[in-house]
Each structure stands twice: as C-alpha cells, then as structure tokens.
Amino acid sequence: MKRRDFLGLVGVSCLSSLAHADEIKHPDIWVKEDQKVAFESLVKRLDMVEKTIGYSNFNLISFDDTLKLARNHPKIGAFTPAEIAYAEEIFYTDPVIYGFYGKRTIHHLTDTIPEKDVIKIEGSGHYVYKGEPHELLVRLMKDVGKTLILTSGVRSVVKQLSLHLEKIKSEQGNITVAARSL
C-alpha cells in the first residue's frame, strides 16, 4: 500500500511538537473514527485474554491460540472480523509511516515462540531465550544479586500488539506518538 493511500485510511493531523527540534516532521497518524469501535473492543478483548490465561502465559500465546481461546471461552467471546482486520492493519502496515525507525523482527501476525526455546524466570512472569541470553541473565543475577529485577523478556506477537494498542489508547488514538515510544 502506498503511503498516501494508507494515510487516507487512518486520518492525518499536523504534528504539534517534537521532542527534538532536529527530527524530521511527519504528520501524526490517528485511529480513524470508523475504526474506534474495533480498536476499543480489541483492546478489551486482549485484556480479557490476558486476565484469563495470566500474565506469564500471555507473554507466549500465539495469535491463532488467542483466537481459539477467545472463541471457546464464553467470558471472552470470539474476535470480530473488524477486530481481526484492525489487528492485521496495525501489524502489517510499514511502521516507518508512523515514525518508527526500528527493524521489524517478526514478519507474520501468526508467528509463534516455541516454548522449547525459552525458559521462565522464576518470580518474574517473564521468559528469556535459552542459551546465551539466559546465561547472561544468570551471570548478571549472580553479580548484582537480588536487587536485579527482570522487567521484560520474550514477548509474543499478541503481547506486543496488546502493549502497542494500550500505548495508542494512552495517547488518545495517536498511533505515531505511540510508535515513537516503542
């Protein structure tokens, strides 16, 4: 999709201020009016999934398993086509148009994190990859002691999507500002 075509989909406003004056100014992209219902319900449904399976499990759940769980759990209910379409749009849109200049590390909404590749860090609810990442964390914990707290680890696509949507919500629908904070 061309940039101008996408901008027509989501709505645009002028950028009022930037943290750094030397940054390139891009128009902010907002949740479009006709997407707000799907956006809000997607945020709520993902929150219900997390509350149902727990914080730790939410760090690893796949998109497909999330859809299946919701569909089979009466308190959550199936994701609507509009919610799925909005999740896909947010995920597959080139993040550069939002002002995010990092590299995309996951290419498919349905990508998974194999449980055999990670280890749960006791008392944190987080996972890290086995091998060197885990070894480095163990060394740090040994060197620093109990004051070292792991505040983030491996995140599933669903967890990262949920965090991103929550950030968009906290920015009153401003996708660009939310993307810059990632």
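Re the overall build of the chain
Moving on, step 1. When its secondary structure is counted, the chain shows eight helices and four strands.
Moving on, step 2. For the chain, the N- to C-terminal ordering of α and β elements is α-β-β-α-α-α-α-β-β-α-α-α.
Moving on, step 3. Burial status across the chain gives 36% buried among its 182 residues.
Moving on, step 4. Taking all contacts inside the chain whose residues are at least 6 apart in sequence as the whole, residues at least 24 apart take part in 58%.

So, the nonpolar core
Moving on, step 1. Core analysis: the biggest nonpolar cluster contains 30 residues, and L46, Y86, I90, L165, I168 and I175 have the highest contact counts within it.
Moving on, step 2. The set of elements that each furnish at least two residues to this core consists of α2 (36–53), α4 (63–72), α5 (81–92), α7 (157–170) and α8 (175–180).
Moving on, step 3. Looking at this core element by element, the count peaks at six residues for α2.
Moving on, step 4. Among residues more than four places away in sequence, those in contact with I90 are Y98, L161, H164, L165, I168 and I175.
Moving on, step 5. Core analysis: the next-biggest nonpolar cluster, separate from the first, contains five residues, L60, I113, Y127 and V154 among them.

Observations regarding the packing of aromatic side chains
Moving on, step 1. Enumeration over the complete set of coordinates arrives at two aromatic pairs.
Moving on, step 2. Ring centres of F39 and Y86 lie 5.9 Å apart, and the angle between their planes is 80 degrees; this geometry places the pair in the edge-to-face category. In this pair, F39 is assigned in helix α2 and Y86 in helix α5, connecting sequence segments 47 residues apart.
Moving on, step 3. According to the relative accessible area criterion, F39 is buried, its value standing at 3%.

Regarding the pairing of strand β4 (residues 126–129)
Moving on, step 1. Pairing analysis gives four bridges linking strand β3 (residues 118–121) to β4, with the strands arranged antiparallel. Within β4, the residue paired with I121 across the bridge is H126.
Moving on, step 2. Here β3 folds back onto β4 in antiparallel fashion, the turn holding four residues, of which G123 has a positive phi close to 80 degrees.

Looking at the pattern of salt bridges
Moving on, step 1. The final tally for this structure, using the stated rule, is eight salt bridges.
Moving on, step 2. Measuring nitrogen to oxygen at the nearest pair gives 3.8 Å for the salt bridge that ties K32 to D34.
Moving on, step 3. With relative accessibility at 59%, the residue D34 sits in the exposed group.
Moving on, step 4. Between E171 and K167 there is a salt bridge whose closest N-O contact spans 3.4 Å.
Moving on, step 5. Here K167 falls in the partly exposed class, since its relative accessible area comes to 27%.

Remarks on the environment of N174
Moving on, step 1. By secondary structure assignment, the location of N174 is in the loop between α7 and α8.
Moving on, step 2. Setting aside chain neighbours within four positions, we find N174 in contact with D28, I29, W30 and I168.
Moving on, step 3. Polar side-chain contacts of N174 include one of 2.7 Å to the side chain of D28.
Moving on, step 4. Here T176 takes part through its backbone nitrogen, which lies 3.1 Å from a polar atom of the side chain of N174.

Concerning the packing of α2 against α5
Moving on, step 1. Interaxial distance between α2 and α5 falls to 9 Å at its minimum, and their mutual angle equals 90 degrees. Between α2 and α5, the angle is such that the two are roughly perpendicular. Counting all contacts with α2, which are made through A38, F39, S41, L42 and R45, the residues of α5 involved are A82, E83, Y86 and A87.
Moving on, step 2. Along the lines of polarity and charge, the residues of the contact of α2 with α5 split into six nonpolar, one polar and two charged.

Thresholds applied
Along each chain, the written sequence defines residue order, and numbers are assigned to residues from 1. Per-residue local features are limited, in this predicted model, to residues with pLDDT of at least 70; the limit for side-chain atom pairs, both in listing and counting, is 80 or more; totals at the level of whole chains, interfaces and linings are taken over all residues. To get the side-chain values, take all heavy atoms of the structure and skip hydrogens and water. Each helix is a run of DSSP H or I of at least 4 residues and each strand a run of E of at least 2, with the numbering of both proceeding from the N terminus. Burial classes follow relative accessibility: with a 1.4 Å probe on protein chains only, a residue under 20% of its type's maximum area counts as buried, one over 50% as exposed, and anything between as partly exposed. Between two residues, a contact is recorded if the distance between any of their heavy atoms is within 4.5 Å. We call a set of buried Ala, Val, Leu, Ile, Met, Phe, Trp, Tyr and Cys residues a nonpolar core when their side-chain atoms join them within 4.5 Å. The criterion for an aromatic pair is that two Phe, Tyr or Trp rings (for Trp, the six-membered ring) have centres within 6.5 Å, with stacked assigned to planes under 30 degrees apart, edge-to-face to planes over 60 apart and tilted to the rest. Strands qualify as paired when DSSP identifies two bridges or more between them. What makes a salt bridge here is a side-chain nitrogen of Lys or Arg within 4 Å of a carboxyl oxygen of Asp or Glu, nothing more. Throughout this description, a polar contact denotes any pair of N or O atoms lying within 3.5 Å of each other; where both atoms belong to protein, one of them has to be capable of donating a hydrogen while the other can accept it, and for residues adjacent in sequence the pair is counted only when both atoms sit in side chains. Only the stretch in contact is used when fitting a helix axis, every axis being a line fitted to C-alpha atoms; angles between N-to-C directions are given from 0 to 180 degrees. When describing relative orientation, an angle under 35 degrees is termed roughly parallel and one over 145 degrees roughly antiparallel, while 65 to 115 degrees is termed roughly perpendicular and anything else oblique. In the scheme used here, Gly and all other residues not listed as nonpolar or charged are polar, with Ala, Val, Leu, Ile, Met, Phe, Trp, Tyr, Cys and Pro taken as nonpolar and Asp, Glu, Lys and Arg as charged.

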